[in-house]
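Report on the structure
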Amino acid sequence: MGHEPRQGLPGIGTSRTTTPRKLFLGDMLASYLPGGFIIDGSEARDPLNTGDLATLRTGLLMGKVEATGLYAPMIVGVLTADYTSGGTELTVSAATGVELDRRLGGDGAGTLTVIGSPTVNGTVVEITATASAVSGTTVTVSNLGANMISGSLICMDDESWQPVGILDAGNGVKVTDVDGNDIDVSHGKLTIAGFINSSQVINMPSDLSLRQYIVDELHKRCGSLYWSHMFDATETLNDAPTPTPTPTATPTPSPTPTPSPTPSPTPSPTPSPTPSPTPT
């Protein structure tokens, strides 16, 4: 079906607002994946881009779908309430629920990867969960076997949960055609190096350990990524190992030499007296 030309009378129409997003704090260090990459239209949406979900914005963390080699957003959404081990429900936003149901084929059944920690700023773990239904803001899953804090990441279990770069989309990348059908899109700007404005990364966690997880995972696969949040006064700079000081060897003191005894002087022999001459 061809694209229909704009209809209507001349004049000013309804205004539309767009908010530009700038990923870099200075472009001098910016670098992209050579040769570009292909976004999987069926696996890609931007649930937080209200009113235009099929347009991907700058700042989406991107992963690679193992089965196809195409790219999709790493994070589908986040937990909006703490999860307690033994439970069978995850609480998410309505937008996340809609996208999870779509990604799971419309019946809410499939496999997810949940990335989070049991406590604030705790140790991050990756857990595979089997989903059986999505209803509004509730996702029914198998027991995760661990507590998860609010803000933990919900991803698809197709290896796209491993971030390989950050999307620099300019005015946005549309992944559907004029009829709303999914289309794969070739794009040239998958960020792998640069000075990143952390506030422009979509779904960047506020929890320090989860945020550090994102930084560390990207550092495994990307070039030199520098983050604005690392220079905040309240941020813990733990992305680089603390060098272990080399112990300084204590020199072993040389033994104090024992002085040689001073030899006693040899006495000079006493001369014999000269005999007096005998008178004649």
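Residues numbered from 1 in each chain as written. Predicted model: local features only at pLDDT ≥ 70, side-chain atom pairs only at ≥ 80, totals over all residues. Heavy atoms only, no water.

1. Brief notes about the sheet that holds strand β6 (residues 77-78)
Strands belonging to one sheet form pairs held by backbone hydrogen bonds; the direction of such a pair is parallel or antiparallel. To keep it simple, the criterion reads: In this analysis, strands are considered paired if DSSP registers two or more bridges between them. By the criteria applied, helices consist of DSSP H or I runs no shorter than four residues and strands consist of E runs no shorter than two, each listed in order from the N terminus. We call two residues contacting when some pair of their heavy atoms lies within 4.5 Å. The convention used is that axes are lines fitted to C-alpha atoms, helices contributing only their stretch in contact, and that angles between N-to-C directions extend from 0 to 180 degrees.
On the basis of which strands lie adjacent, the open sheet formed by six strands has the order β6-β11-β8-β9-β10-β7 and antiparallel pairing. Pairing within the sheet leaves two strands with one partner each, and these edge strands are β6 and β7 (89-91). Bridge count between strand β8 (residues 110-116) and strand β11 (residues 153-156): four bridges; the pairing is antiparallel. Across the sheet, residue I115 finds its bridge partner in β11, namely L153. The sheet contacts of helix α2 (residues 208-221) involve β8, β9 (125-135) and β11, and relative to β8 the element is tilted by about 110°.

2. Description of empty space enclosed by the protein
Our working rule: Using only the protein atoms, space was sampled on a 1 Å grid; points where a 1.4 Å probe fits but cannot get out form cavities, open sets with protein on both sides within 12 Å along at least five of seven lines form pockets, and lining residues are those with an atom within 4 Å of a point. Grid points are joined across faces, edges and corners, and a volume is the space filled by probe spheres set on the points. Charged residues are taken to be Asp, Glu, Lys and Arg, nonpolar residues to be Ala, Val, Leu, Ile, Met, Phe, Trp, Tyr, Cys and Pro, and polar residues to be all remaining types, Gly included.
Considering all chains together, one arrives at one cavity of 30 Å³ or more under this definition. As a volume, the largest cavity reaches approximately 30 Å³. If you trace the largest cavity, you find it lined by D46, P47, L48, L60, I75, V76, I202 and N203. For the lining of the largest cavity, the per-class residue count stands at six nonpolar, one polar and one charged.

3. Details of the nonpolar core
Test applied: We define the nonpolar core as a collection of buried residues of types Ala, Val, Leu, Ile, Met, Phe, Trp, Tyr and Cys that are connected through side-chain atoms lying within 4.5 Å of one another. A simple rule labels every residue: compare its accessible area, found with a 1.4 Å probe on the protein chains alone, to the largest value its type can have, and call it buried under 20%, exposed over 50%, or partly exposed in between.
Among the nonpolar cores identified, the biggest contains 23 residues, and M74 and W227 are the most heavily contacted of them. Elements that contribute at least two residues to this core include exactly β11, β15 (190-196), α2 and β16 (225-227). Judged by nonpolar contacts, the second largest core, of 19 residues, contains V76, L79, L100 and A131.

Read these as layout, nothing more, since geometry by itself doesn't imply function.
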